[in-house]
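The lines below spell out each chain.
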Amino acid sequence: MARLEGKVALITGAAGGIGLATAQRFAQEGAIVAVNDMNEAAGVKEVENICQAGGKAVFYLGNVSDAAFVKQMMKDVVEKYGRLDILINNAGVVRDAMSHKMTEEQWDTVIDIHLKGTWLCSRTAFEYMKPQLFGRIVNTSSTSSEGNIGQANYSAAKAGIIGLTKTLALEYARSNILVNAVAPGYINTPMTAGIPAQVQEAVVNRIPLKRKGNPEEIANLHLFLASDESSYITGQVIFIDGGATVGV
Ligand SMILES: NC(=O)c1ccc[n+]([C@@H]2O[C@H](COP(=O)([O-])OP(=O)(O)OC[C@H]3O[C@@H](n4cnc5c(N)ncnc54)[C@H](O)[C@@H]3O)[C@@H](O)[C@H]2O)c1
């Protein structure tokens, strides 16, 4: 049997990269997938592709850091499909700069989308998951949560997401809602595509597995954490980075 048969999943920032791979994987495993993104053209195309392949999906255009939008989106998902089982908080952007040169706009944008967006989506999903006594929330941290030059905003947001994940895991446990985080390393997506070739090479050299990860490899971890197979795991952060954070 498909691993997510009958489940309704919402994936934020799912029009590209890791979110896209996760939406496709979840649809293959029988989930109804709500795809959220700010990129309408890519999101609509993706939903068409999933439906053509025999899956079920719907697109929601909007910003995860806008509380009114998040509320409306989840209300609509539950009105359409009757429940909300899985939330993958994946949306994200980078606005890199050395801290002393970083603008307030760069700081606020990254903190708002990653940290506030994850909190807003989680607390809104909780309203629907609580009465079901079932839910799976997977947040997205990063190896940058350990610190990364030029990413004070991103690193702070991704470290904040770890604290948020652990707190929500404690608060939601009595409602049988499991909350975990994935912390990817260097993954081959549009987000990392613009990194100069020499920098890419240097980063890959420091990874024990000597390669970048693929979005599908994160999608597999999302699938495990969203499925019934992870029923005794909550409040955890799983680094998926080819060993990059081991032994340093
Ligand atoms: N690629 C990596 O190496 C890497 C490493 C660690 C963590 N991550 C995290 O993984 C997640 C996915 O990243 P990716 O590499 O697939 O990047 P990506 O840029 O390919 O995808 C991010 C998606 O989020 C969407 N988005 C941006 N702002 C949004 C908003 N306010 N509301 C809704 N959607 C929004 C974008 O349009 C885009 O489609 C992010 O949280 C990122 O920080 C990525």
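Residues numbered from 1 in each chain as written. Predicted model: local features only at pLDDT ≥ 70, side-chain atom pairs only at ≥ 80, totals over all residues. Heavy atoms only, no water.

Engineer: So what's going on with the overall build of the protein? Which residues, and what values?
Structural biologist: Helix and strand counts for the protein come out as 8 helices and 7 strands. Against the globule reference of 18 Å for 248 residues, the protein gives a C-alpha radius of gyration of 17 Å, in line with a compact fold. Expressed as lengths along the three principal axes of its C-alpha atoms, the size of the protein is roughly 50 × 35 × 35 Å. By residue count, 51% of the 248 residues in the protein fall in the buried class. Expressed as a percentage of contacts within the protein between residues at least 6 apart in sequence, the contacts between residues at least 24 apart total 71%. (Helix = DSSP H or I, 4+ residues; strand = E, 2+ residues; numbered from the N terminus. Rg over C-alpha atoms; globule rule 2.2 N^0.38 Å. Buried < 20%, exposed > 50% of the residue type's maximum accessible area, 1.4 Å probe, protein only. Contact = heavy atoms within 4.5 Å.)

Engineer: Can you explain the site of the ligand? Please cite residues and give values.
Structural biologist: Taken together, 29 residues surround the ligand, and among them D37, N63, N90, Y154 and T189 come closest. Side-chain polar atom of D37 to an oxygen atom of the ligand: 2.5 Å apart, as the coordinates give it. Within the side chain of K158, one N or O atom sits 3.1 Å away from an oxygen atom of the ligand. In isolation the ligand offers 830 Å² of accessible surface; the protein chains occlude 91% of this area. At the level of elements, helix 1 (17-28), strand 2 (32-37), helix 4 (104-132), helix 5 (152-172) and helix 6 (190-193) are the ones that each hand at least two residues to the shell around the ligand. (Near = heavy atom within 4 Å. Polar contact = N/O pair within 3.5 Å; in protein donor to acceptor, adjacent residues only side chain to side chain. Areas by Shrake-Rupley, 256 points an atom, 1.4 Å probe, with all protein chains shown as cover.)

Engineer: Please provide a residue-by-residue account of the packing of helix 3 (residues 67-81) against helix 4, values included.
Structural biologist: Close contact between helix 3 and helix 4 brings their axes to 10 Å; oriented N to C, the two are set at 35°. Here helix 3 and helix 4 pass one another in a crossing that is right-handed. On the side of helix 3, the interface is formed by A67, V70, K71, M74, K75 and V78, while helix 4 contributes L120, C121, T124, A125 and Y128. Classifying every residue of the contact of helix 3 with helix 4 gives 8 nonpolar, 1 polar and 2 charged. (Axes fitted to C-alpha atoms, helices over the stretch in contact; angles between N-to-C directions. Left-handed = near helix turned anticlockwise from the far one by under 90°. Nonpolar A, V, L, I, M, F, W, Y, C, P; charged D, E, K, R; others polar.)

Engineer: Residues and numbers for the environment of Y60, please.
Structural biologist: Inspection of the secondary structure assignment puts Y60 in strand 3 (residues 56-61). Judged by its relative accessible area of 9%, Y60 is buried. Distance from Y60 to F134, taken between C-alpha atoms, is 23 Å for residues 74 residues apart in sequence.

Engineer: Give a detailed account of the side chain of N180, specifying residues and quantitative values.
Structural biologist: With respect to the secondary-structure elements, N180 resides in strand 6 (residues 177-184). The contacts of N180, once residues within four sequence positions are left out, are I137, V138, N139, T165, L225, I233, T234, G235 and Q236.

Engineer: Explain the pattern of salt bridges residue by residue, including any values.
Structural biologist: Counting across every chain of the model gives 8 salt bridges. Its salt-bridge partner being K7, residue D228 comes within 3.9 Å of it at the nearest N-O pair. Taken together, the residues D228 in the loop between helix 8 (215-226) and strand 7 (237-240) and K7 in the segment before strand 1 (8-11) connect sequence positions 221 residues apart. Note on D228: relative accessible area 47%, which makes it partly exposed. A relative accessible area of 15% means that K7 is categorised as buried. Among the ionic pairs, D85 bridges to R83, the shortest N-O distance being 2.6 Å. (Salt bridge = Lys/Arg side-chain N within 4 Å of Asp/Glu carboxyl O.)

Engineer: Just give me the short version of the nonpolar core, but keep the residues and values in it.
Structural biologist: The tendency in soluble globular proteins is for nonpolar side chains to be buried as a group. Formed by 33 residues in total, the largest nonpolar core has its most connected members in M74, L84 and L87. Looking at this core, the elements that each hand over two or more residues are strand 1, strand 2, strand 3, helix 3, helix 4, helix 5 and strand 6. Among the elements that line this core, the one with the most residues is helix 4, at 7 residues. If we ignore the near neighbours within four places in the chain, the residues touching L84 are V8, A9, L10, M74, V77, V78, A125, Y128, M129 and Q132. Counting residues in each nonpolar core, the second largest holds 26 residues, with A14, V33, V35 and L221 among its members. (Core = buried A, V, L, I, M, F, W, Y, C linked by side-chain atoms within 4.5 Å.)

Purely geometric numbers; function is a separate question.
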